[in-house]
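Examination of the molecular architecture
The lines below spell out each chain.
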Amino acid sequence: MVLHVTPYPSACLHFLDGVSWSLVFPTYWLLDRLLASCVATSLEKRRRSQDPCSLLTLGVLLAVPLYLLLLLASLPFALLGFLLWAPLQAARQPYLYTYRRADKSQAEQGAAGLGAADWKPQGRSFCFGSANVCLLPDSLARFNNLSDTHRRAREVGRRIRNGANRPQIKIYIDSPTNTSISAASFSSLATGFRRTSSLDQRPDPSSSPSEAEGEPQAECPIHPAGASDCPLHPAPDCPAHPAPGDQASADCPAHPEGADHTTDCPLHARGPRSSECPAHAAQNGPETDCPLHAGGADHPGHDCPMHAPGGTRAPPDCPMHTSGVQISISAPEPDPEEQEEEAATGNHQPGAGAGERGSSESLARGFHGSDGGGGMCSNNTLSHRTSVFKRPAGRKRRHGDDGFDHEVSAFFPANLDFLCLQEVFDHGSTARLRRQLHRYFPYVLSDVGHYGWKGCCSSFKFLNSGLMVASRYPILDARYECFPNGRSEDALAAKGALFVKVQVGTSHQEQRIVGYLTTTHLHAIEGDAAVRCEQLELLLQWGAEFRHASSQPPEEQKALEDQVAFDVLLGDLNFDNCSSEDKLEQQHALFTQYKDPCRLGPGEDKPWALGTLLDPSGLYDEEVSSPESLQKVMENEEGRKEYLVFPPSKNQNQLPNGQKGRKIPLKGNGRRIDYILYSDECLHQDWKVDMEEFSFITQLAGLTDHLSVAMRLAVSTGEEEP
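1. Examining the overall build of the chain
Helix and strand counts for the chain come out as 15 helices and 20 strands. Scored against the burial criterion, the 722 residues of the chain give a buried share of 54%. Across the chain, the fraction of contacts at a sequence separation of at least 24, relative to all contacts at a separation of at least 6, is 73%. Taken as a whole, the chain presents about 33100 Å² of accessible surface, with 54% of it coming from carbon and sulfur.

2. Here we look at the nonpolar core
In terms of nonpolar packing, the biggest core is built from 86 residues, with Phe128, Phe566, Val568 and Phe694 touching the most fellow members. For Val568, the contacting residues outside a window of four places in its chain are Phe128, Tyr516, Leu517, Thr518, Ile676, Leu677, Tyr678, Met711 and Leu713. Counting residues in each nonpolar core, the second largest holds 24 residues, with Cys127, Val133, Ala164 and Leu700 among its members.

3. With respect to the side chain of Ser20
You can see Ser20 is positioned in helix H1 (residues 11-38). With residues near it in sequence (within four places) discarded, Ser20 still touches Gly81, Leu84, Trp85 and Leu88.

4. So, the packing of aromatic side chains
The way to describe two aromatic rings as a pair is by their centre distance and the angle between their planes. In this structure the tally under the stated criterion is 28 aromatic pairs. Plain terms: the ring middles of Phe575 and Phe591 are 6.3 Å apart, the flat faces sit at 90° to each other, and that makes the pair edge-to-face. With Phe575 in the loop between strand E15 (563-572) and helix H12 (583-586) and Phe591 in helix H13 (residues 590-593), the pair connects residues that are 16 residues apart, well separated along the chain. Phe591 carries the same exposure label as Phe575, and that label is buried. By way of ring pairs, the aromatic residues Phe82, Trp85, Tyr451, Trp453, Phe460 and Phe462 are connected into one cluster. In this structure, Arg124 packs its charged tip against the face of Phe126, placed 5.2 Å from the ring centre. For Arg599, the ring lying beneath its charged end belongs to Phe591, and the centroid distance is 4.1 Å.

5. Observations regarding the pairing of strand E2 (residues 123-135)
The buried fraction of E2 amounts to 13 of the 13 residues, a majority that puts the element mostly inside the structure. Of the two faces of E2, both are covered, the one formed by Gly123, Ser125, Cys127, Gly129, Ala131, Val133 and Leu135 as well as the one formed by Arg124, Phe126, Phe128, Ser130, Asn132 and Cys134. Here E2 pairs with strand E20 (residues 708-716) via 8 bridges, running antiparallel. Bridging across to E20, Gly123 finds its partner in Ser716. Sheet analysis places E2 next to strand E7 (residues 418-424), joined by 6 bridges and oriented parallel. Across the sheet, residue Phe128 finds its bridge partner in E7, namely Phe418.

6. A look at the pattern of salt bridges
Applying the stated criterion to the full structure yields 25 salt bridges. Among the ionic pairs, Asp138 bridges to Arg33, the shortest N-O distance being 2.8 Å. A residue pair is termed long-range when its members are at least 10 positions apart, and Asp138 in helix H5 (residues 138-141) and Arg33 in helix H1 qualify at 105 residues. Across the pair Asp562 and Arg512 runs a salt bridge, and its minimum N-O distance is 3.0 Å. Here Asp562 is found in the loop between helix H11 (529-550) and E15, whereas its partner Arg512 is found in strand E14 (residues 512-521), with 50 residues between them in sequence.

7. Regarding the sheet that holds strand E19 (residues 688-697)
Within a sheet, neighbouring strands are paired by backbone hydrogen bonds and run either parallel or antiparallel to one another. Strand order in this open sheet of 8 strands is E1-E8-E11-E7-E2-E20-E19-E6, and the pairing throughout is mixed. In this open sheet, the two strands that pair with only one neighbour each are strand E1 (96-99) and strand E6 (405-409). Direction aside, neighbouring strands of the sheet carry axes that sit 15° apart on average. In this sheet, E20 lies alongside E19 in antiparallel orientation, the contact comprising 9 bridges. By the bridge assignment for E20, Glu693 is matched with Arg712. Those strands touched by helix H10 (residues 427-437) are E1, E2, E7, strand E8 (443-446) and strand E11 (468-471), and its axis lies near 165° from that of E7.

8. What about H1?
Under the 1.5 Å per step criterion, the end-to-end length of H1 is 40 Å for 28 residues, consistent within 8% with the ideal 40 Å. At Val24, H1 shows its largest kink, close to 40°, and the proline Pro26 lies no more than four residues downstream. Among all positions in H1, only Asp17, Ser20, Val24, Thr27, Leu30, Asp32, Leu34, Ala36 and Ser37 are buried.

9. Brief notes about the sheet that holds strand E12 (residues 475-482)
Pairing in this open sheet of 5 strands is mixed, and the strands run E12-E13-E14-E15-E18 from one edge to the other. Each edge of the open sheet is held by one strand with a lone partner, namely E12 and strand E18 (674-679). Averaged over neighbouring strand pairs, the angle between their axes works out to 15° when direction is ignored. Relative to E18, E15 runs antiparallel, the two being bridged by 6 bridges. Along E18, the bridge assignment pairs Asp572 with Asp674.

10. Considering the environment of Met634
Tracing the backbone through its elements, the reader meets Met634 in helix H14 (residues 627-634). When its relative accessible area of 1% is taken as the criterion, Met634 is described as buried. Separated by 225 residues in the primary sequence, Met634 and Ser409 place their C-alpha atoms 9.7 Å from one another. Discounting chain neighbours no more than four positions away, the residues touching Met634 are Val408, Leu610, Gly639, Arg640, Tyr643, Leu644, Thr698 and Leu707.

11. Concerning the pairing of E7
With 7 of 7 residues buried, E7 is to be regarded as a mostly interior element. Across 4 bridges, E7 lies against E11 in antiparallel orientation. Each residue of the ladder has a partner; that of Cys420, found in E11, is Val469.

12. Section: unusual backbone geometry
For Cys134, which is not a glycine, the phi torsion comes out positive at approximately 55°. Structurally, the position occupied by Cys134 is in strand E2.

13. Examining the packing of helix H6 (residues 149-164) against H10
In the contact formed by H6 and H10, the axes pass within 8 Å of each other and the chain directions differ by 20°. On the basis of the axis angle, H6 is roughly parallel to H10. For the element pair H6 and H10, the recorded crossing hand is right-handed. Of the residues in H10, those touching H6 at Thr149, His150, Ala153, Arg154, Val156, Gly157, Arg158, Ile160 and Arg161 are Gly428, Ser429, Arg432, Leu433, Gln436 and Leu437.

14. A closer look at a nonpolar patch on the surface
Taken together, Trp21, Phe25, Tyr28 and Trp29 make up a surface patch of nonpolar side chains, about 360 Å² in accessible area. With respect to the helices and strands, Phe25 occurs in helix H1. The exposure class assigned to Phe25 is partly exposed, which follows from its relative accessible area of 36%.

15. Concerning the confidence of the model for the chain
With 59% of its residues at a pLDDT of 70 or more, the chain has an overall mean of 74. Considering only residues more than four positions removed or in separate chains, one finds that residues 319-332, a stretch of pLDDT under 50, has 72 contacts.

Rules used throughout
- Residues numbered from 1 in each chain as written.
- Predicted model: local features only at pLDDT ≥ 70, side-chain atom pairs only at ≥ 80, totals over all residues.
- Heavy atoms only, no water.
- Helix = DSSP H or I, 4+ residues; strand = E, 2+ residues; numbered from the N terminus.
- Buried < 20%, exposed > 50% of the residue type's maximum accessible area, 1.4 Å probe, protein only.
- Contact = heavy atoms within 4.5 Å.
- Areas by Shrake-Rupley, 256 points an atom, 1.4 Å probe, with all protein chains shown as cover.
- Core = buried A, V, L, I, M, F, W, Y, C linked by side-chain atoms within 4.5 Å.
- Phe/Tyr/Trp six-rings, centres within 6.5 Å; stacked < 30°, edge-to-face > 60°.
- Lys NZ or Arg CZ within 6 Å of the ring centre and 35° of its normal.
- Pairing = 2+ DSSP bridges.
- Salt bridge = Lys/Arg side-chain N within 4 Å of Asp/Glu carboxyl O.
- Axes fitted to C-alpha atoms, helices over the stretch in contact; angles between N-to-C directions.
- Expected span 1.5 Å × (residues − 1).
- Bend = angle between axes of the 7 residues up to and from the residue.
- Parallel < 35°, antiparallel > 145°, perpendicular 65-115°, else oblique.
- Left-handed = near helix turned anticlockwise from the far one by under 90°.
- Patch = residues over 30% accessible without salt bridge, like charges linked within 9 Å, V, L, I, M, F, W, Y side chains within 5 Å.
- pLDDT = per-residue confidence, 0-100.

Structure follows, in structure tokens:
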């Protein structure tokens, strides 16, 4: 299927659409500003109460009459534009596909797209994210206590991109007994991490210290490749340790050729055969403080090649053995285009909340030293050695025996592969968000849905579906379907489902390895369980039809059948698994075809699962104004009761002031209405899908009234690593 790269099939229709919208836009903007002036957010109310005579109050009093006057004057032009715009919507494409090739700097930072070459025969892991970003027109967003939609859209895209493309910490362990790191060991690293799963490439086993006990290896940091007479193994003529009176060898592998051998070389710190040289102790033996023989010469039982052979462990602080952890942190270069945009738009304005600066400041703390000196260089790499993080026997998880990691994170996962967003309704915000996401995701589907009257959507649609999909892998096919049963105010938006097929690799037999994504936003009106159940039925039906149609190769091509790596459903389903009012949805057949990592069964979530719907009245409280502070609140039970929306209670009507300060019992950990589900029914019979981690993300604190969610899946083909 051909992806739609323009909103209309012809340039003439696109031009007419631009003309019609230019006539409608002044009225649309003035009406939006007029309504926004009448609906204040809690932050604006707080500022007005602190200073009743502020310029903000005066500006509103002057702006309302002006907006009203200009609105009346623009109505004739808007009517003419609407009569031209409405019929054009019948020819409008259901989505817009855009592709942006990563430039050189983005490719170096890992923001380039992925493809068939990245697939490994034994499989690999994929990371999925979903977020409801509430990018409604500004006047409507204020009913959710949010404002300034265009600025929020730009900031949402920037935070997601910074989180997914933040500095990576690659951890390699080379030890006879430790081959991985438990998540608990590095969860506190501020700059994030990239966890090496069992399917990722591991260091060559040939460099294992256990194999170095019998003979020196080529990777030994002391002697050059192929040397067999290292005095530390021992022998008298190792080029790294010249005879008495000689100068340090020029080809000593511990320092570069021609370098000063007397300053910082660990083998020639003070000159040849110096009493302070860590490798040439004056008394023909290693000194007690020698970094190559930590703890003294008597170390029976160590397997470090710098110590007596025949042991099983080396001291954890020896800088020359390889049973430690090598950590490499690479910081991305500043984006010149983003810096110019910030300078042009005055992004550092007083109106920006502290929460919007918190994310970038937290990332910056990982790039700069605590002394504040110096800027970030173009190739900012920090490498050091630390002691190994021991893992208990049997793979234990931080939160019980779920079989995967789960946490509340202040950042989107590094190396995020797929992102699905909901409530991206505003047209201007869509363009700003897409521009930001394209700096990390090469492939984006946006402007999804219909306007006006079209197809099964009988009522007039003022807003599109609000769905958006961003991918690091090539998109092969996409289809949008509109729900025909929307009611009340939900019927004004073209809510539906977007089905996407991506290519993640190619097999040895030249078969395409593909994955399926489904993102949706269900009916939101409380009490309409039957409507949502009907939409879930349509979701399963349309998904099956899409997978069947997209798996059939064209008749003129004789291609092998695609192999499916994953089938994932993401979105805002507008029901939770704990409310008694949502029993019909909780028992739907959707949960027999797809697995919910956070669910124990109908009406019961796992203890660590959190609600994703925030109480709008507390969005601007200082306690939740930044990603880190919101993360701390979500990790605390009392904090969750204060800032999350919980399933309705029979006694809730006794609390007119909302949820804060209530004493009634609360069920669960809040309303979890944002889901990521996965299915393994369509996979190859020998393939297996395993959960690696699930995250509740607070990086969009202050920008939306939802927590984001992310999941990492490991796809295993059963083949052995080469």
